[in-house]
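# Report on the structure
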Amino acid sequence: MRKIIIIGGRGNGTVLASTIEDLNRTKKTWKILGFLNDVEKKLINGYPVLGKISNNSIKNYLKYNDVYF
């Protein structure tokens, strides 16, 4: 299963999360790890906020070959 981190939050980010959830109903392909977001600090649509949108936050996850953004 591919892991994905959504950059953003309420608005386009939640639309993307909803789309991934819909796709997973047909075939489980993606695991949403959470969001990178500059404003929210708690959950977004039930998924954790993993940090702010920054190069450092992204670099922390780029070392994993199975994490997508």
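Above this text sits the structure in question.
We now turn to the structure provided with this report. (Residues numbered from 1 in each chain as written. Predicted model: local features only at pLDDT ≥ 70, side-chain atom pairs only at ≥ 80, totals over all residues. Heavy atoms only, no water.)

This next bit is on the environment of Gly46. For Gly46, the location among the structural elements is in the loop between β2 (30-36) and β3 (49-51). Distance from Gly46 to Gly34, taken between C-alpha atoms, is 8.8 Å for residues 12 residues apart in sequence. (Helix = DSSP H or I, 4+ residues; strand = E, 2+ residues; numbered from the N terminus.)

Here we come to the sheet that holds strand β4 (residues 67-68). With parallel pairing, the four strands of this open sheet are ordered in space as β3-β2-β1-β4. Every interior strand has two partners, whereas the edge strands, β3 and β4, have only one. When strand β1 (residues 2-7) meets β4, the two strands line up parallel, connected through two bridges. Within the sheet, the bridge partner assigned to Ile4 lies in β4 and is Tyr68. Contacting β1 and β2, helix α1 (residues 12-26) runs over the sheet at an angle of about 170° to β2. (Pairing = 2+ DSSP bridges. Contact = heavy atoms within 4.5 Å. Axes fitted to C-alpha atoms, helices over the stretch in contact; angles between N-to-C directions.)

This part covers a nonpolar patch on the surface. Side chains of Ile7, Ile53, Leu62 and Phe69 sit close together on the surface and give an oily, nonpolar patch of about 340 Å² of accessible area. As for its position among the elements, Phe69 is in the segment after β4. The partly exposed category is assigned to Phe69, whose relative accessible area is 36%. (Patch = residues over 30% accessible without salt bridge, like charges linked within 9 Å, V, L, I, M, F, W, Y side chains within 5 Å. Areas by Shrake-Rupley, 256 points an atom, 1.4 Å probe, with all protein chains shown as cover. Salt bridge = Lys/Arg side-chain N within 4 Å of Asp/Glu carboxyl O. Buried < 20%, exposed > 50% of the residue type's maximum accessible area, 1.4 Å probe, protein only.)

Even without being a glycine, Asn45 presents a positive backbone phi close to 50°. Among the structural elements, Asn45 can be located in the loop between β2 and β3. Overall, the relative accessible area of 46% leaves Asn45 in the partly exposed class.

The quantities given are spatial measurements derived from coordinates; they are silent on function.
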